[in-house]
Every structure is written in C-alpha cells, then in structure tokens.
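Chain by chain, the residues run as shown.
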Amino acid sequence: MSEKNLDAFVLIVEERANSESCHYISGFRGSSAALIITLDEEILITDGRYQTQSKAQSPFKIVIQSEFSLPDYIARAVKDSNFKRVGYEAEKISHAEFQKYFAPISIEWIDASDLILKLRRTKDAYEISMIKQAALIGREALGNVLKKTRAGMSEIEFEIKLMEEIKLLGAEKGWAHDDFIVASGPRSAMCHAPATLKKFSDGENVTVDYGAMVNGYMSDITRNFALGRADKKILELNEILLKAHREAAKTLKPGVAGKDVDAVARKIISDAGYEKNFLHGLGHGLGLEVHEAPRLSRTSKDILKVGDVVTIEPGIYIEDFGGLRIEDDYLITPDGAECLTLNDNQSIEII
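Residues numbered from 1 in each chain as written. Predicted model: local features only at pLDDT ≥ 70, side-chain atom pairs only at ≥ 80, totals over all residues. Heavy atoms only, no water.

K.L.:
Explain the nonpolar core to me, using residue names and the numbers behind them.
P.N.:
Counting 36 residues, the largest nonpolar core has Phe158, Leu162, Ile166, Phe200, Val208, Tyr210 and Phe225 as its most contacted members. Residue assignment for this core shows that the elements contributing at least two residues are helix H6 (125-146), helix H7 (155-168), strand S8 (205-210), strand S9 (213-214), strand S10 (217-218) and strand S11 (221-226). Among all residues touching phenylalanine 158, those that are not within four sequence positions of it are Leu142, Val145, Leu146, Thr149, Met153, Val182, Phe200, Val208 and Phe225. Counting 30 residues, the second largest nonpolar core, distinct from the first, contains Val256, Val310, Ile312 and Ile332. (Core = buried A, V, L, I, M, F, W, Y, C linked by side-chain atoms within 4.5 Å. Buried < 20%, exposed > 50% of the residue type's maximum accessible area, 1.4 Å probe, protein only. Helix = DSSP H or I, 4+ residues; strand = E, 2+ residues; numbered from the N terminus. Contact = heavy atoms within 4.5 Å.)

K.L.:
Which residues make up the environment of leucine 35, and what values do they have?
P.N.:
Of note, leucine 35 is situated in strand S2 (residues 32-38). Exposure remark for leucine 35: the relative accessible area of 0% places this residue in the buried category. Considered as a pair, leucine 35 and phenylalanine 68 are 33 residues apart in the sequence and their alpha carbons are 16 Å apart. Those residues in contact with leucine 35 that lie beyond four places of it in its chain are Phe9, Val10, Leu11, Cys22, Ile25, Ser26, Ile43, Leu44 and Phe60.

K.L.:
Break down the packing of helix H8 (residues 232-250) against helix H9 (residues 258-271) for me, citing the residues and quoting the values.
P.N.:
Between H8 and H9, whose axes approach to 8 Å, the crossing angle comes to 155 degrees. Taken together, the axis directions place H8 and H9 in an arrangement best described as roughly antiparallel. Viewed along their axes, H8 and H9 form a crossing whose handedness is right-handed. For the pair H8 and H9, contact is made by Ile240, Leu241, Lys243, Ala244, Glu247 and Ala248 and by Val261, Val264, Ala265, Ile268 and Ile269, respectively. Across the contact of H8 with H9, the residue classes tally to 9 nonpolar, no polar and 2 charged. (Axes fitted to C-alpha atoms, helices over the stretch in contact; angles between N-to-C directions. Parallel < 35°, antiparallel > 145°, perpendicular 65-115°, else oblique. Left-handed = near helix turned anticlockwise from the far one by under 90°. Nonpolar A, V, L, I, M, F, W, Y, C, P; charged D, E, K, R; others polar.)

K.L.:
Describe in detail the packing of aromatic side chains, supporting the description with residues and values.
P.N.:
In this structure the tally under the stated criterion is 13 aromatic pairs. With a centroid separation of 5.3 Å and 45 degrees between ring planes, the pair formed by tyrosine 88 and phenylalanine 98 is classed as tilted. Within this pair, whereas tyrosine 88 is found in strand S5 (residues 85-88), its partner phenylalanine 98 is found in helix H4 (residues 95-101), the two being separated by 10 residues in sequence. The structure contains a cluster of three or more aromatic residues connected by ring pairs, namely Tyr88, Phe98, Tyr101, Phe102 and Trp109. A cation sits over an aromatic face here: lysine 233 above phenylalanine 321, 5.2 Å from the ring centre. It is arginine 266 that lies over the ring of phenylalanine 278; its NZ or CZ is 4.1 Å from the centre. (Phe/Tyr/Trp six-rings, centres within 6.5 Å; stacked < 30°, edge-to-face > 60°. Lys NZ or Arg CZ within 6 Å of the ring centre and 35° of its normal.)

K.L.:
How would you explain H9 if you had to name every residue and give the values?
P.N.:
Relative to the 20 Å expected for 14 residues at 1.5 Å per residue, H9 spans 20 Å between its end C-alpha atoms, a close match to the ideal helical length. All of the buried residues in H9 are Gly258, Val261, Asp262, Ala265, Arg266, Ile268 and Ile269. Close packing links the buried residues of H9 with H8, strand S13 (292-296), strand S14 (309-312) and strand S15 (315-318). Two residues or fewer past H9, glycine 273 is found with a positive phi of approximately 95 degrees. (Expected span 1.5 Å × (residues − 1).)

K.L.:
Explain the environment of methionine 163 residue by residue, including any values.
P.N.:
Relative to the helices and strands, methionine 163 resides in helix H7. Note on methionine 163: relative accessible area 25%, which makes it partly exposed. Along the chain, methionine 163 and serine 94 lie 69 residues apart, while their C-alpha atoms are 32 Å from each other. Discounting chain neighbours no more than four positions away, the residues touching methionine 163 are Lys173, Gly174 and Phe180.

K.L.:
Which residues make up the environment of glutamate 97, and what values go with them?
P.N.:
By the secondary structure assignment, glutamate 97 is in helix H4. In this structure, the C-alpha to C-alpha distance between glutamate 97 and isoleucine 12, residues 85 residues apart in sequence, is 9.0 Å. Those residues in contact with glutamate 97, other than ones at most four positions away along the chain, are Glu14, Lys92 and Phe102.

K.L.:
Can you lay out the sheet that holds S11 for me, pointing to particular residues and giving the numbers?
P.N.:
Pairing within the open sheet is mixed, and its 4 strands lie in the order S7-S8-S11-S19. Two strands lie at the open edges of the sheet, namely strand S7 (181-184) and strand S19 (349-350), each paired on one side alone. Both S8 and S11 contribute to a ladder of 6 bridges, which runs antiparallel. Bridge pairing in S11 places asparagine 205 opposite alanine 226. (Pairing = 2+ DSSP bridges.)

K.L.:
Give a description of the side chain of glutamate 327 that names residues and reports values.
P.N.:
Mapped onto the fold, glutamate 327 is located in the loop between strand S16 (322-325) and strand S17 (328-333). Comment: no salt bridge for buried glutamate 327; closest opposite-charge side chain is arginine 325, at 4.7 Å. A distance of 2.6 Å separates polar atoms of two side chains, one belonging to glutamate 327 and the other to threonine 222. If near-sequence neighbours (up to four positions away) are discounted, glutamate 327 is found in contact with Asp209, Asp220, Ile221, Thr222, Arg223, His245, His284, Thr311, Ile312 and Glu313. (Lys, Arg positive; Asp, Glu negative; His and termini not counted. Salt bridge = Lys/Arg side-chain N within 4 Å of Asp/Glu carboxyl O. Polar contact = N/O pair within 3.5 Å; in protein donor to acceptor, adjacent residues only side chain to side chain.)

K.L.:
Outline the pairing of strand S4 (residues 61-64), listing residues and values.
P.N.:
By the bridge criterion, 4 bridges tie strand S3 (residues 42-46) to S4 in an arrangement that is parallel. Bridging across to S4, leucine 44 finds its partner in isoleucine 62. Considered for its hand, the β-α-β crossover made up of S3, helix H2 (residues 51-57) and S4 is right-handed. (Right-handed = clockwise from strand over helix to strand, strands pointing away.)

What follows is the structure, given as structure tokens:
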C-alpha cells in the first residue's frame, strides 16, 4: 500500500465471490463481507448471520451491519476518514459491483489487484502443511474407493463414494467450486468431463481428476485406472506421459520460466507423435483456489520462485478413443522442488 501511495485498501466478498482472498487476509470465511485496511487499522464488515463466526475467525475490528447496507457503510467509512486514494481489486469484481460499491464515492480508485495475489502466491509453512494434508487425504480416499470399484459402477457413483471418503478422512470437501472429473472409455478424451451415469466396463481406462480441501487449501491430483485389463495403447500413452511428467518435474526450481517447464513435457509428447493431442498448459498454481498463479504453459510469463506450489499435469486426448492425464502437486524449494502428493503411484492401476 505504501508503494502505491494508498490511504486504504477495500476488498469485497459478495455471494462468496472473492472469499478466498478475504480468508487469506482476515481469516474470515463467510459469504458476505468487506474489508477496509489502512496502514494502521483493519476492519471487517459483515452481517448478523456472521456475528459469532467473524469474531471467532478474525482478529480484525468487527463491524456488524445493522442500520446501513454494506455499500453505504463503505461509503461512510471512506468519506469519514477523508481518504484520497483507495485500492480495490478490478480483477475480482464485476462492472455492476464497481457501480454499486465504488462509483458513488468521489475519490481516486486505484486498481491494486496484484497486492493480494502476490502475497497469496508464496505459500508459508502453514499453507504448505494444509496442502500436504489435503494431498494425503486425497490419496488415501482414492485408494479406499478403488478397493470397492467394479465394472457396472457408474461414474457418478464413483464420484460420490470418493467425496464421501474424503470427508470421512477429515477434509471439509473436495474442490471449492467444481465437481470432480471422472471420465471412462472414450469420454476420457474430454479434458474436463464431468461424471455421468455411464457405467464402467471391463478394459476401459478411467481418468479421475480430484482433490481435497483442508482449512480452505486444496490438493489437485489426477490418476488413471483400468478394470480387469488395460488397453495396450493406453499403456503406451501412459509411459509417454510418465516420461513427460518426470522430466518436466526435474526442471522445477527457482528462476525457471513456466513456459520452459511446459516446453520440456511438450517436446516429449510431440516427439512421440501426439503434439496435437496435448490440449492444455502443463500446470498451474494451487492453494486457496484450484487455479492460481503461477502458470506453466506456452504463453506463461511467470518465473518460478521459492514458495510457489504448482501442478504438473501432461495429458494426451484422442477423440473417439480416450485419453489420460497424470497430475501431482509440487512445492518450489531453494534447491528444486518437493512433490506434495507423493507421486509413487502414477502408473495405471488395474483393478
């Protein structure tokens, strides 16, 4: 804030949108709130539903809306304090929200979207421990469900059982805003295929992209399994992806460009003849959101640094046949990278 010459910074949470940054800064995890942060004071404004929760979760000064609406309270607080330059997150609010909260207040509004995103990108020891715990729960949950998986089970049934295991093992939920990806047979050619009532058949490959949430922090894992036997071509694709994944992971360290990590995996897949079948970037940042900075892709401008947590997830997808992806989560350390998801079971599991 000092560098941007800001008198204050205002953060809005409306219907849970942007709740992750509010959680990060204040500890509060409700669905409606505003934060007003100055150089010497932090205020959390919310409504009566969260009177007890806000006090339990946040050390900020708590203001419970009563007489005034949230936009009115922000306007009064800004005007009463004679602020001149106030930062807000243009990337996190809609035009309608800007008109509702900020436009009526005649001061200089400064886009400071980068402030919290830069802070959130570098994970501290607590955050890393939460992601590790989420990863361990995810791994154990999948193992438990695979023991019960048989031909004839539907993709949705598998997803429900996986979510149940994740919660029984102590996680809050899976991902914050998305269902898991469970795609069997030819449907596995779709990168983001939601689970359906389609039933598993013998010999089919099944791709499962899933995760667990612990105290707001998530893991992101993709594994593949086959029922009874695995198609020879699927096994060949898996070996290509294993090589691409492992060689790319070896390059992870501070100072390396995200696009260069992507290039390592992409070359291996291209050399194997599947350049046009790798349809997305190699990976992304992970934390309170399943997709955040930095990015590992052909167009990424990010440079890796200590404290980044990123995924490595090369995939090959062939229309009318199927596909697969292998994904693990990595912490960038001073000496390289640590796999947080313990990638000792990346090969296709036959059940």
